[in-house]
There are 2 protein chains.
Amino acid sequence: MSTDLPAVSDSTIRRLSLYLRALEGLDDQAEPTVSSRRLAELAGTSAAQVRKDLSRFGSFGKRGLGYSVAPLQNHLRDILGLQRRWPVVLVGAGRIGSALFEYPYFRERGFEIVAVVDRDPAKVGRRWNGVKIQSVEALPTLVRECRAELGILAIPATDAQAAAEALVDAGVRGILNFAPVQLHLGSHVVVNDVNLTLEMEALSFALRTASELGSGEGG
Amino acid sequence: MSTDLPAVSDSTIRRLSLYLRALEGLDDQAEPTVSSRRLAELAGTSAAQVRKDLSRFGSFGKRGLGYSVAPLQNHLRDILGLQRRWPVVLVGAGRIGSALFEYPYFRERGFEIVAVVDRDPAKVGRRWNGVKIQSVEALPTLVRECRAELGILAIPATDAQAAAEALVDAGVRGILNFAPVQLHLGSHVVVNDVNLTLEMEALSFALRTASELGSGEGG
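(A) The pairing of strand E6 (residues 131–135) of chain A, seen in detail. Residues and elements named next belong to chain A. Judged from the 3 bridges that link them, strand E4 (residues 111–118) and E6 form a sheet pairing that is parallel. Bridge pairing links Val-116 to Ile-133 in E6. As defined by bridge partners, strand E5 (residues 127–128) adjoins E6 across 2 bridges and the pair is classed as antiparallel. Among the inter-strand pairings, Trp-128 is bridged to a residue of E6, identified as Val-131.

(B) Summary view of the side chain of Ser204(A). With respect to the secondary-structure elements, Ser204(A) resides in helix H9 (residues 196–213). Polar contacts involving the side chain of Ser204(A) include one to the main-chain carbonyl oxygen of Glu201(A), which spans 3.1 Å. Residues in contact with Ser204(A), not counting those within four places in the same chain, are Leu80(B), Gly81(B), Leu82(B), Trp86(B) and Phe111(B).

(C) A look at the sheet that holds strand E5 (residues 127–128) of chain B. Residue and element names in this part refer to chain B. The strand order E5-E6-E4-E3-E7-E8-E9 describes an open sheet built from 7 strands, whose pairing is mixed. Each edge of the open sheet is held by one strand with a lone partner, namely E5 and strand E9 (190–193). Here strand E3 (residues 86–91) runs beside strand E7 (residues 150–153); their pairing, made up of 4 bridges, is parallel. What sits directly across from Val-89, in E7, is Gly-151. Packing of helix H8 (residues 157–169) onto the sheet brings it into contact with E3, E7 and strand E8 (174–177), and relative to E7 it is tilted by some 170°.

(D) Here's a closer look at helix H2 (residues 36–43) of chain B. Residues and elements named next belong to chain B. Taken together, the buried positions of H2 are Ser-36, Leu-39, Ala-40 and Ala-43. Viewed end-on, H2 has its buried residues packed into an arc of 105°, placing them on one side of the element. Those residues of H2 hidden inside the fold are in contact with helix H1 (10–24), strand E1 (33–34), helix H3 (47–55), strand E2 (67–68) and helix H4 (69–79). Positive phi appears at Gly-44, one or two residues downstream of H2, with a value of about 75°.

So, how was this worked out
Residues numbered from 1 in each chain as written. Chains lettered and ligands numbered in written order. Predicted model: local features only at pLDDT ≥ 70, side-chain atom pairs only at ≥ 80, totals over all residues. Heavy atoms only, no water. Pairing = 2+ DSSP bridges. Helix = DSSP H or I, 4+ residues; strand = E, 2+ residues; numbered from the N terminus. Polar contact = N/O pair within 3.5 Å; in protein donor to acceptor, adjacent residues only side chain to side chain. Contact = heavy atoms within 4.5 Å. Axes fitted to C-alpha atoms, helices over the stretch in contact; angles between N-to-C directions. Buried < 20%, exposed > 50% of the residue type's maximum accessible area, 1.4 Å probe, protein only. Arc of directions from axis to C-beta.

Function-wise, these values are silent; they only describe arrangement.
Rendered as structure tokens:
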């Protein structure tokens, strides 16, 4: 299975992550198996979707018995590439960068921020829990030394493209981008944008629509 | 137009936000009109997609001339519900909460964090730029006083459902949820989950797949 991963949509991958999180929330001593219906409830989807998603990666469930919790956890970790440690380089030691550095769930999952750079000389040289903040000029060397394939951009939009290119030139192939800008990189690089303003705008759009269709309040 | 919004997919709304951001990056003095092709480039999509998305909300473009930058910006702000101020209540004054409070792009868009609560007595009473952190018990009163319809949850998973219910009971209808948990709320409430671990997992999945299909390195 681990050598034969099918092409799947982004939304499928996201659901696999949610299934894993749901399974980890179960006590596999008390509950050694889980039905697709229960897993769906926990992950906020339908039982049919659970079965469809999981069947793409092998036959994990037993008819009438459901899925074995511990083995399915392992399968999902394997599929998601979580059976290893991922060293990560963080670009930007501002508020967002600092919050990400301390984010406990990254380390739990094997994503370890091993290097931090910032362009602000006042920040360079400070230590965050043993990791010394370095200047952006050190970026290529750091990426190579850490053998980092993942990078996080937590910097203003104006600096993001250049930093992304530096990361990629040094060997990074996956970027989590918090800068509100469209990055233009080679097709071999995977970029996930986290656009917080856009998330708020999706809410304001929904509320605005609801107000107009509903009671007429707001707007 | 503003009273007749069609039902559109989440991905369409997200593209509208990207179009707005792209238009705001243009100098409308030097460039009073923009083609669907250029707008597509800036927003990372196709010209056909731009035309399709925008045509759902009215006929903004002129054949051969493209879109007028300033009026289209206004139309998009109107569609997205950004022609007003949105008071926001923030639950959680930890690292993520603090980063969000300082996030400059929220205020620019009219999303103003007007109240902050935390369950940690050591944090209650501190001031963030004029906003006093209050205890979670004050949540219902604060929501009502601020007439907040939007809330942000930046707290651990274990506390999120109760806090979300308190927000909704007091009048919040849209929640940006950073807690890694599936919230169960009424269908009249809109929840957008920002799951940072899941974003990283989508990267590790992609890199793992690429490694196996490609040079065989990594894994």
